[in-house]
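Residue-level structural notes
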Amino acid sequence: MTATDSATGTAPAPAPERPDRSLGQAAYAWLRRTDTGSSTFSVLVTALLLVVLFGAGTLRYENFGYPQVALNLLVDNAHLIVLAVGMTFVILTGGIDLSSGAVVALSTVIAASLLQKGWAAPLVIVLVLATGTLLGWAMGAAVHHLQLQPFIVTLAGMFLARGLCFVISEPSIPIRDDLFTGLAQNVIELPGNTYLTYGVLIALVVVAIAVYVLHRTRFGRTVYAIGGNEQSAGLMGLAVGRTKVAVYAISGFCSALGGLLFSLYILSGWSLHAIGMELDAIAAVVIGGTLLTGGSGLVVGSLLGVLVLGTIQSLISFDGGLSSWWTKITIGVLLLVFVVVQRLSTRSSR
Amino acid sequence: MSTAAPRPAAAPVVEMSGITIEFPGVRALDGVGLRLFPGEVHALMGENGAGKSTLIKALTGVYRYDSGTVTVDGVEQQFATPADAQAAGISTVYQEVNLCPNLTVTENVVLGREPRKRGSIDRRASRERTRRVLAELNLDLDPGSILGRHPIALQQLVAIARAVDTDAKVLVLDEPTSSLDAGEVAELFRVVRTLRDRGVAILFVSHFLDQVYEISDRMTVLRNGRLVAEHRTAELPRLQLVQEMIGRELSTLEHLEREPAHEAPADAVPRLRARGLGRTGAIAPTDLDVHAGRVTGLAGLLGSGRTELTRLLFGADRASSGTVEVDGRPVKLRTPRTAIAEGIAFCSEDRKGEGVVGDLTVRDNVLLALQARRGWLRRIPTKQGDELVAKYIKALDIRPAHPDALIRNLSGGNQQKVLLARWLLTEPRLLLLDEPTRGIDIGAKAQIQALVSQLASEGMSVVFVSAELEEVLRISDRITVLRDHRTVADVDGSTATLDSVVDLIASGGDRA
Amino acid sequence: MPETPTEPRTRRRLDMSSPVVWAASALLVLLVFNAVVNPGFFALRIQDGHLFGSPVDVLKNVAPTLLIAVGMTLVIATRGIDLSVGAVLAISGAVSFTIIDGSSDPTSPATAAVAIGTALAVGLVLGAWNGFLVSVVGIQPIIATLVLMTAGRGLAMLVTDGQIITAENPAFDWLGGGFVLGLPAQVVLTLLVLLVVAALTRRTALGTLIEAVGTNPEAARLAGVRSRSITWTVYVFVAFTAAVAGLMTNANVSAADANRAGLFIELDAILAVVIGGTSLAGGRYSLTGTVLGALILQTLTTTTLTMGVPDEYVRLFKAVVIIAVFLLQAPRIRAALGRRRRSARTSTSPAVPVPAVEGDDVRPLTPASSAEPADATAAEPTTTDQGALR
Ligand SMILES: Nc1ncnc2c1ncn2[C@@H]1O[C@H](COP(=O)(O)OP(=O)(O)OP(=O)(O)O)[C@@H](O)[C@H]1O
Ligand SMILES: [Mg+2]
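Residues numbered from 1 in each chain as written. Chains lettered and ligands numbered in written order. Predicted model: local features only at pLDDT ≥ 70, side-chain atom pairs only at ≥ 80, totals over all residues. Heavy atoms only, no water.

The subject of this paragraph is the overall build of chain A. The helix and strand tally for chain A stands at 14 helices and 4 strands. Scored against the burial criterion, the 350 residues of chain A give a buried share of 59%. Of the contacts made within chain A by residues no fewer than 6 positions apart, 76% connect residues no fewer than 24 positions apart. A total of about 13700 Å² of accessible surface is found on chain A, and carbon and sulfur atoms cover 66% of it. (Helix = DSSP H or I, 4+ residues; strand = E, 2+ residues; numbered from the N terminus. Buried < 20%, exposed > 50% of the residue type's maximum accessible area, 1.4 Å probe, protein only. Contact = heavy atoms within 4.5 Å. Areas by Shrake-Rupley, 256 points an atom, 1.4 Å probe, with all protein chains shown as cover.)

Moving on: empty space enclosed by the protein. Summed over all chains, the structure comprises 11 cavities of 30 Å³ or more. The volume enclosed by the largest cavity comes to roughly 140 Å³. Forming the boundary of the largest cavity are 15 residues, of which Met236(A), Thr92(B), Val93(B), Ala159(B) and Arg162(B) lie nearest the centre. Looking at the lining of the largest cavity, the elements that each hand over two or more residues are β6 (90–93) and α5 (152–164) of chain B. Classifying every residue of the lining of the largest cavity gives 8 nonpolar, 4 polar and 3 charged. (1 Å grid on protein atoms, 1.4 Å probe; cavity = no way out; pocket = protein on both sides within 12 Å on 5 of 7 lines; lining within 4 Å. Points joined across faces, edges and corners; volume = space filled by probe spheres on them. Nonpolar A, V, L, I, M, F, W, Y, C, P; charged D, E, K, R; others polar.)

What follows covers the coordination of the magnesium ion (ligand 2). Residues and elements named next belong to chain B. Ligation of the magnesium ion (ligand 2) by protein atoms is provided by Ser 53 (OG) and Gln 95 (OE1), these donors lying 1.9 to 2.0 Å from the ion. In this pair, Ser 53 is assigned in helix α1 (residues 52–59) and Gln 95 in the loop between β6 and α3 (105–110), connecting sequence segments 42 residues apart. One exposure class covers both Ser 53 and Gln 95, and it is buried. (Donors = N, O, S within 2.8 Å, 3.2 Å for Na, K, Ca; no water.)

Judged by nonpolar contacts, the single largest core of 339 residues is most densely connected at Phe151(A), Ile282(A), Met45(B), Phe314(B), Leu431(B), Ile270(C) and Phe326(C). With 17 residues, helix α3 (residues 67–92) of chain A is the single largest residue contributor to this core. Leu29(B), Ala50(B), Tyr65(B) and Val170(B) belong to the second-largest nonpolar core, a separate cluster that totals 35 residues. (Core = buried A, V, L, I, M, F, W, Y, C linked by side-chain atoms within 4.5 Å.)

With 54 residues of chain C in contact, the opposing surface of chain A contributes 46 residues. Across the chain C/chain A interface, buried area totals approximately 4300 Å², and carbon plus sulfur atoms make up 77% of it. By the criterion of area lost to chain A, the three top residues of chain C are Gln140(C), Ile143(C) and Arg315(C), representing 12% of everything that side buries. Across the chain C-chain A interface, the total number found is 0 salt bridges. Put simply, chain C and chain A have 2 residue pairs in polar contact (both at pLDDT 80 or more) between them. Looking at the side of chain C that touches chain A element by element, the count peaks at 12 residues for helix α5 (residues 141–160) of chain C. Its residues assigned to classes, the side of chain C that touches chain A shows 40 nonpolar, 8 polar and 6 charged. (Buried area = accessible area lost by both parts, 1.4 Å probe. Salt bridge = Lys/Arg side-chain N within 4 Å of Asp/Glu carboxyl O. Polar contact = N/O pair within 3.5 Å; in protein donor to acceptor, adjacent residues only side chain to side chain.)

Residue and element names in this part refer to chain A. The sites that carry the UniProt feature "transmembrane region" (unreviewed entry) are, in the present numbering, residues 40–59, 80–113, 119–139, 151–169, 195–214, 245–266, 298–316 and 322–341. Counting secondary structure, residues 40–59 comes out at 100% helix and 0% strand; the distance between its end C-alpha atoms is 29 Å. Spanning residues 245–266, this segment combines 100% helix with 0% strand, and its end C-alpha atoms are found 31 Å apart. (UniProt positions renumbered as here; feature names shortened; annotations may be inferred.)

With that settled, the discussion passes to the packing of helix α11 (residues 265–275) of chain C against helix α12 (residues 287–307) of chain C. When two helices pack together, their arrangement is given by the angle between the helix axes and by the axis-to-axis distance. Residue and element names in this part refer to chain C. Taken N-terminus to C-terminus, the directions of α11 and α12 make an angle of 125°; their axes are 7 Å apart at the nearest point. Regarding the angle of α11 to α12, the classification is oblique. In the crossing of α11 with α12, the sense of the turn from one axis to the other is right-handed. Taken together, the residues of α12 that come into contact with α11 (itself represented by Asp 268, Leu 271, Ala 272, Val 273 and Ile 275) are Gly 289, Thr 290, Gly 293, Ala 294, Ile 296 and Leu 297. Partitioned by chemical class, the residues of the contact of α11 with α12 number 7 nonpolar, 3 polar and 1 charged. (Axes fitted to C-alpha atoms, helices over the stretch in contact; angles between N-to-C directions. Parallel < 35°, antiparallel > 145°, perpendicular 65-115°, else oblique. Left-handed = near helix turned anticlockwise from the far one by under 90°.)

Here we come to the packing of aromatic side chains. Per the counting criterion, the structure on display carries 13 aromatic pairs over all chains. Consider the rings of Phe41(C) and Phe42(C), whose centres lie 5.1 Å apart with planes at 85°: the pair is edge-to-face. Given the relative accessible area of 43%, Phe42(C) is considered partly exposed. Within the aromatic cluster, the residues linked to one another by ring pairs are Phe54(A), Tyr61(A), Phe64(A) and Phe318(A). (Phe/Tyr/Trp six-rings, centres within 6.5 Å; stacked < 30°, edge-to-face > 60°.)

Moving on: the pairing of strand β2 (residues 26–36) of chain B. Residue and element names in this part refer to chain B. Summarising burial for β2: 8 of the 11 residues are buried, a large majority. Pairing analysis gives 7 bridges linking strand β1 (residues 14–23) to β2, with the strands arranged antiparallel. Residue pairing for β2: Ile 19 is matched across the bridge by Val 32. (Pairing = 2+ DSSP bridges.)

On to the sheet that holds strand β22 (residues 486–492) of chain B. All names here are of chain B. Within the open sheet, the 6 strands sit side by side as β18-β19-β20-β15-β21-β22. Their pairing is mixed. In this open sheet, the two strands that pair with only one neighbour each are β18 (344–347) and β22. Averaged over neighbouring strand pairs, the angle between their axes works out to 15° when direction is ignored. The strands touched by helix α14 (residues 412–424) within the sheet are β18 and β19 (430–434), with β18 carrying the most contacts at an inclination of about 175°. Across the sheet, helix α17 (residues 498–507) is in contact with β15 (295–299), β21 (478–483) and β22; its angle to β21 comes to roughly 30°.

Residues and elements named next belong to chain B. Between its terminal C-alpha atoms helix α12 (residues 362–374) stretches 19 Å, which fits the 18 Å expected from 13 residues at 1.5 Å a residue. At Leu 368, α12 shows its maximal bend, which comes to roughly 50°. Within α12, 11 of the 13 residues are buried, leaving the element largely enclosed by the surrounding structure. Where α12 is concerned, the buried positions are Val 362, Arg 363, Asp 364, Asn 365, Val 366, Leu 367, Leu 368, Ala 369, Leu 370, Gln 371 and Ala 372. Just past α12, the residue Gly 375 takes up positive phi, approximately 90°. (Expected span 1.5 Å × (residues − 1). Bend = angle between axes of the 7 residues up to and from the residue.)

Let's shift gears to the site of ligand 1. With respect to spatial proximity, 22 residues lie near ligand 1, and among them Gly49(B), Lys52(B), Ser53(B), Thr54(B) and Asn409(B) are the closest. With respect to ligand 1, the chains having nearby residues are chains B and C. In this structure, Thr54(B) approaches ligand 1 through a side-chain N or O atom, which is 2.5 Å from an oxygen atom. Gln95(B) is positioned such that a nitrogen or oxygen atom in its side chain is 2.9 Å from an oxygen atom of ligand 1. A total of 630 Å² of accessible area belongs to ligand 1 in isolation, and the protein chains cover 94% of it. Taken together, the elements giving at least two residues each to the shell around ligand 1 come down to α1 and α14 of chain B. Top contributing element to the shell around ligand 1 by residue count: α1(B), with 3 residues. (Near = heavy atom within 4 Å.)

Another aspect to go through is the confidence of the model for chain A. Detailed reading of the predicted coordinates is not advisable wherever pLDDT falls low. All names here are of chain A. The predicted model of chain A has a mean per-residue pLDDT of 85, with 87% of residues at 70 or higher. Within chain A, the lowest mean pLDDT, 54, falls on helix α1 (residues 23–33), and the highest, 96, falls on helix α5 (residues 121–145). Note that pLDDT drops below 50 for residues 1–21; the model gives that stretch 33 contacts with residues more than four away or on any other chain. (pLDDT = per-residue confidence, 0-100.)

Quick look at the structure:
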């Protein structure tokens, strides 16, 4: 052992983090330290798994490889993408929003019943979005100002929203409004005989805005900071209260928007729509590599998470022969595979 | 009536008077005043639990006070939030590291005041600015690395960097040096002096008298939540300061000077023998012998692997190489439980994250390790538990002396004592102490050092880790010097001098 | 000498800021309300030596939820959550009924014993699975149990082949409709489990260790607490309670409906725990609180029924009451109400409200989570002999 290293700090010592650096590990180290939330790596794992899953489908079913099958993942899940984006904001602060599925239902019911009464579609849209935002804001205020637990506040919000649905209308109401049906039925033609819906466009715009807000604004930084250590964030002089209330309002807005997209997709309003959809959204966010404890995760991950869930769904529908229980079991197993792989591949991080 | 220190020319930037804060059951501050002058370093002195941190939190809008006034630049203020205080030019580093571990160093430094370009955060400028402050503190840190991956001490330096990176007129530093070693302290003081000369008023808290005397111009002494006096540092003899802080003659501190003299037969089987013990990325394979009745000190700079080595000895992290023998028997230290079963105890340096269980009472915290060893079925009988707890509260002078107080409401130093009690209760044969005196006031520090000496003379083996070299030297029979994640020397505690150890740390012990 | 304030050992007295007290008051209000609206509410009849009446109904109906909520309390105390209890409940019912249905002697007690034994064993295995995912693999509890929540109902339907299975077995049906000492068997069973759990956690050190794991897992591990086994055990236990609840509910209707049995019961159980004042952030828990929480929820349901609230308003009504209960429990509001009572004493309040964090830190100063109230007469810092220095 030579001891030529004289100056302090420049010794060829094992680096504190990952000393045995092969090329792969150097790349790994780079990934682990890039950017906010340090979650780039988990997102890449998700992306990889998505490709594998889709590839498996292509091998198994001959029509699975058509481009439109991939695009349909977006078309069928536009509403869920928007929901997951809102959920990501909340989860990044270490909170959770269980009300989003119920708010989706409430949005469809409000929209359908008002349209049935002959209200103008734009007005209805504004009203629905305002309702969702307001509900989210109220929940955020309860979480922050009353120091109640998010799980509970939003659970109460969920009961409230469902309750309101029933009060407005129990049976399902069809939507026949021209603007809605027009938006629903017209598609954006793409080359190669494929298409996307306007709903997808809206969802992707929402994702883009969310990415910008989270990574390029102080508000976004505050969201991550709160998730990292709320108390520290407060002591550092960040606007913790305002930000916390805002993320729930954002989630409420996204749920309402998701509800509108869902009503475009399904052209009806019903109090029992979207039962358990909040769990889908949460699952998507988690599959996308975001930690439920907050402070770490990327919106793009949530988008991928939704696509993973979508792929699982379409694999099952391609199979066709599955009974409803095998469907449930398959979804459970695939979810399991995902979280386990995700967990094992990111395990060494701490 | 020594409150009348000579009036300086300038008016105070901050003047607090009559501040009273009551917590349920405790009056933490009782009519306390404090004046901070521009261009002066002001030391806030007092024992653990005297109310220093509370006073700082009252100033910076974390706590609302029940009565009293705060004026800043002659205008009366009651800050509602830390943000308000910041906006008024008061920049603060709180006692425990208060940053976001999930963000990068850069993000933490500029958080809340990011440079912006056309409305969005300018990352390049952020990075540049961070580089600049880090360089100012002579910190060699990758600005893009995640903060939480760095040791506590570096995190503390980043917190300081963040505080320095403002044009604040008041800078408050609550025990910034508790986990730093001499080099970093020097860098910090250099920056502090620069700021002082720029006219910034600095409030500084530390339990290290040397540091306080080196840097401060003025002192305020608190005791039990009350103001004792304000002095000019130059006019206050140390002895008087200590007396004012602890309210009595300083007899316990005699221990400070006592040389340890633990006899240990050199040929005996060591209580613990580690051979080639290491962990990839944390510490290179290391040999270490710890004898019965001896104190083994680990010396080294920040990040030299002191903590990592101690953790391996306790099974807190798993070793990737090497063997450990206890009393000549090979053992596998896979988990803390196996180590505890071998009679090993470990006080972590990360008191908040790895020590206190905040929701539980002092009593439950003290009894935790013993209870865990007995297993859940054999609950420690209430009476026996009460007696044990009472005994240790008394022995270690834990304040407030309520077994049923929630530990999270205790001051930092007192929490540390509770953790010590937790391990002493298990009557370990090998006690691993990682920074046991961090954030502890001088009276208590002397107590703890005396306690360690006493335990060793009763036959316990102790591994003692501290950033404060003098302390390691004073207390250890044998000193292992670490550098860059490996041991570089092993010296006799009685012959080693501060200079010789510093030399070893710096040069890396060329005798390898 | 360093004086130590000699505070008297905490006196037990009604602490208006304790969530349990609020839950009890809420229950009381509900009961009084019922008594006023429906004077017959508290009427009890004895028929064939068995007790009947609305209160008994409430107790009987609350039994499965309460049982699960007891298990859930421990899971939540370790900072976890179990979403899969509804699915486990359904599986337990499906397994037991399939066994009885397929047996050669469907009415014999032996068949019932086999069915019960198998269902409970399956429950334990499922719990072990959840516990494994959480404590060994290290998956976040909400997601780990979401897997079984999703797949579990599928499994239950797989067992029953998607059918609703009906079967009659007197011994088995006793679980649903039987009586012990005049009280419904379900109620007695639940009480039994509750007492055992209370004894196990409070008479031994288990409760404290669970709280330690939930508050600061790393500190607990380093103190030598078997965090992993404890975490694992609570998941096994909650699945066990769910399996028992599954036997009860299905025996009660003499049918196993894999699709609907125990739907949303996980939400009710979690709600009951939280209404009872146990924080989802882990740590301190209160079984008494959980019992009160479950009773509040059940009484509320009974109330809506007896009041004849129109169908479409039932959910809204419940939501509003639940929200009201939560609002009453909000630390801020409780602090405000408590402050009025103890007026000038604790006016200090933090400007930065923060949830559980340890250390030399900002803390919400109201002892929200402490069961022991700080006493009004608590010692002030003792006046030290400041002598000549002042
Ligand atoms: N949130 C709180 N609730 C109840 N008591 C508290 C709270 N915060 C502090 N205290 C009490 O107030 C007193 C002063 O504590 P403080 O943290 O200000 O001490 P300190 O002088 O900073 O001590 P140290 O040197 O150990 O950091 C202590 O007795 C402490 O137990
Ligand atoms: Mg302090």
